[in-house]
Amino acid sequence: MSKHRFLPRLPHLAGATTAAVALAVLATAPASADEPTVSRPRVVAHFDLAAGQSPENIAVEPDGSADLTFASARQVAHVTRDGSTTIRATLPDEPNPNTPVLKAATAFGIARAHDGTLYVDYATGTDKTGVWRIAPDGSAPRQIAQLPTTALPNGLALDERHGVLYAADSAQGIVWRVPQAGGTPTVWAKDTALDPVPVTGAGFGANGVKVHGGAVWVSNSDRGTLLRIPVRPNGSAGAVETRATGLTNVDDFAFPGPHDDTVLAALIGVSELVEVRPDGTHSVVLTKADGLSNPTSVAVRGNTLYVNSAAYFTQQDPNLLVAHLGC
């Protein structure tokens, strides 16, 4: 059994370019015997790379099953707890994609509402770029917000309480705000801290996005940072705060608990999952030895941790891994 420490302060393609991958020096803290752990990691589903089934992002259902976006297949898949996989929806084909950085039509972030409605980011470099809704009744996906053709909407987060979605634009360094009911997107946050790194970077700035503790949190892949943007009382964005650095090729992330700022983050280039503590230090909790293969997304429900591996660069074993959180 693989067992890793976890502090309980309680989620392109083949041939795509990326920044040079090197392990950062990880700040660690001694573990104590009574600290909860990440334990029993196991791969519950393997996917078909040749069919474009690179899982990019994840939303967890109340029963513990998961909905995943398959990036280049433009699909949303449903994976049961025992690993059985079915395709829930396919986004419309784009015969002439001009997607920033990737030049390929790509399904990215996914978020789930309480009624089972799914929202998905779709990037094509055409008028299909934007946020799409997938209704629980199985009807065809419908675009509810169109983003500029220059946008690369990646991570997606839903604030159902206020009826808004936040989409991280990796190419333009923007966090877009979109009405949950559909409508015109607005630039909610734009800052150099959200930008990709020119020339030397992979072209992916703002990537993962989550709503937590009165703020919108964003990872920046090129800069290896975790950012916090307070939501002001009027709904506008406060000043961007850098909460952690040195997160090599960070992709998506999740908060294990609702009341603390500890984060579990996927480092896509080095195939690791790290725990990022509120003071900004971080340590490895899962590695390629546990089954990670370019992890892209992280989700938590109860005591279960979910991690997608897209295998973009390893080209080996795209999968869904689950693990136990707790003593």
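*Asks:* With reference to specific residues and values, describe the overall build of the protein chain.
*Replies:* When its secondary structure is counted, the protein chain shows zero helices and 25 strands. The buried share among the 327 residues of the protein chain stands at 60%. Within the structure as shown, the protein chain displays about 12600 Å² of accessible surface, and the carbon and sulfur contribution to it stands at 51%.

*Asks:* Mind laying out the nonpolar core, listing which residues take part and the relevant values?
*Replies:* One finds Val-175, Trp-188, Leu-194, Val-218 and Ile-229 to be the most contacted residues of the largest nonpolar core, which totals 16 residues. Contributions of two or more residues to this core are made by strand E12 (164–169), strand E14 (186–190), strand E15 (206–212), strand E16 (215–220) and strand E17 (225–230). Take this core: its biggest share by element is three residues, from E12. When sequence neighbours within four positions are dropped, the list of residues in contact with Ile-229 reads Val-175, Trp-188, Ala-189, Leu-194, Ala-215, Val-216, Val-218, Ala-237, Gly-238, Ala-239 and Val-240.

*Asks:* Please set out the sheet that holds E16 residue by residue, giving values where relevant.
*Replies:* On the basis of which strands lie adjacent, the open sheet formed by four strands has the order E15-E16-E17-E18 and antiparallel pairing. The sheet terminates laterally at E15 and strand E18 (241–244), the two strands that pair on one side only. With direction set aside, neighbouring strand axes in the sheet form an average angle of 30°. Across six bridges, the pairing between E16 and E17 is antiparallel. By the bridge assignment for E17, Asn-220 is matched with Thr-225.

*Asks:* Could you give an account of the packing of aromatic side chains, with specific residues and numbers?
*Replies:* All chains considered together, the criterion is met by six aromatic pairs. Between Phe-47 and Phe-70 the ring centres are 5.1 Å apart and the planes differ by 65°, which places this aromatic pair in the edge-to-face class. Linking Phe-47 in the loop between strand E2 (37–46) and strand E3 (55–60) with Phe-70 in strand E4 (residues 66–70), this pair joins segments that are 23 residues apart in sequence. Each member of the pair, Phe-47 as well as Phe-70, carries the same accessibility label: buried. Geometrically, the ring pair formed by Phe-253 and Phe-255 is edge-to-face, given 6.0 Å between the ring centres and 80° between the ring planes. Every member of this aromatic cluster is reached through a ring pair, and the members are Trp-217, Phe-253 and Phe-255. Over the face of the ring belonging to Phe-253 we find Lys-210, whose NZ or CZ atom lies 5.3 Å from the ring centre.

*Asks:* For the confidence of the model for the protein chain, give the residues involved together with the corresponding values.
*Replies:* When pLDDT is averaged across the protein chain, the result is 90; 89% of the residues are at 70 or more. The model gives residues 1–36 a pLDDT under 50, and that stretch makes 99 contacts with residues more than four places away or in other chains.

*Asks:* Tell me what's going on with the pattern of salt bridges, and back it up with residues and numbers.
*Replies:* Counted according to the given criterion, the structure contains 11 salt bridges. With a closest N to O distance of 2.7 Å, Arg-112 and Glu-61 form a salt bridge. Note that Arg-112 is positioned in strand E7 (residues 106–112) and Glu-61 in the loop between E3 and E4, a separation of 51 residues in sequence. The class of Arg-112 is partly exposed, set by a relative accessible area of 23%. The exposure class assigned to Glu-61 is buried, which follows from its relative accessible area of 9%. The network of salt bridges with common partners includes Glu-61, Asp-67, Arg-88 and Arg-112.

*Asks:* Please set out the sheet that holds strand E9 (residues 130–134) residue by residue, giving values where relevant.
*Replies:* Taken in spatial order, the four strands make up an open sheet running E7-E8-E9-E10, and their pairing is antiparallel. Because the sheet does not close on itself, it has two edges, and the strands there are E7 and strand E10 (142–146). Neighbour-to-neighbour, the strand axes of this sheet turn through a mean angle of 30°, independent of strand direction. Two strands pair when backbone bridges link them, and E9 and E10 are joined in this way by four bridges, in the antiparallel orientation. Looking at E10, one finds that Val-131 is bridged to Ala-145.

*Asks:* Explain unusual backbone geometry to me, and be specific about the residues and the numbers.
*Replies:* Phi is positive for Val-101, which is not a glycine, with a value near 70°. In this fold, Val-101 is placed in the loop between strand E6 (85–90) and E7. The phi torsion at Lys-103 lies on the positive side, around 60°, for a residue other than glycine. For Lys-103, the position within the fold is in the loop between E6 and E7.

*Asks:* Just give me the short version of the pairing of strand E20 (residues 263–267), but keep the residues and values in it.
*Replies:* The buried fraction of E20 amounts to five of the five residues, a majority that puts the element mostly inside the structure. With burial as the criterion, each face of E20 is covered, one bearing Val-263, Ala-265 and Leu-267 and the other bearing Leu-264 and Ala-266. Note: strand E19 (residues 250–254) against E20, three bridges, orientation antiparallel. Looking across to E20, one finds that Ala-254 is bridged to Leu-264. As judged from the five bridges shared by E20 and strand E21 (residues 272–276), these two strands associate in the antiparallel manner. Looking at E21, one finds that Leu-264 is bridged to Glu-275.

Calculation rules
- Counting restarts for each chain: residues are numbered from 1 in the order of the written sequence.
- A pLDDT threshold of at least 70 governs which residues receive local features in this predicted model, and a stricter bar of 80 or more applies before side-chain atom pairs are shown or counted, although totals over entire chains, interfaces and linings include all residues.
- Side-chain numbers here rest on the full set of heavy atoms in the structure, without hydrogens or water.
- Numbering goes from the N terminus for both helices and strands, where a helix is a DSSP run of H or I of at least four residues and a strand is a run of E of at least two.
- The classification of residues rests on relative accessible area computed with a 1.4 Å probe and restricted to protein chains. Under 20% of the type maximum is buried, over 50% is exposed, and intermediate values are partly exposed.
- To measure how exposed things are, a 1.4 Å probe is used in the Shrake-Rupley method; for residues, cover is taken only from the protein chains shown.
- The set of buried Ala, Val, Leu, Ile, Met, Phe, Trp, Tyr and Cys residues whose side-chain atoms join them within 4.5 Å is what this entry labels a nonpolar core.
- The contact definition used throughout considers only heavy atoms, calling two residues in contact when any of these lie within 4.5 Å.
- Here a strand pair is declared whenever DSSP counts at least two bridges between the two strands.
- What counts as an axis is a line fitted to C-alpha atoms, over the stretch in contact for a helix, and the angles between N-to-C directions run from 0 to 180 degrees.
- Aromatic pairs are defined between Phe, Tyr and Trp rings, using the six-membered ring for Trp, whenever the two ring centres lie within 6.5 Å; interplanar angles under 30 degrees are classed as stacked, those over 60 as edge-to-face, and all others as tilted.
- For a lysine, the NZ atom is tested; for an arginine, the CZ atom; a charge sits over a ring if that atom is within 6 Å of the ring centre and within 35 degrees of the ring normal.
- Every residue carries a pLDDT, the predictor's confidence in it, which falls somewhere between 0 and 100.
- Each reported salt bridge corresponds to a side-chain nitrogen of Lys or Arg within 4 Å of a carboxyl oxygen of Asp or Glu.

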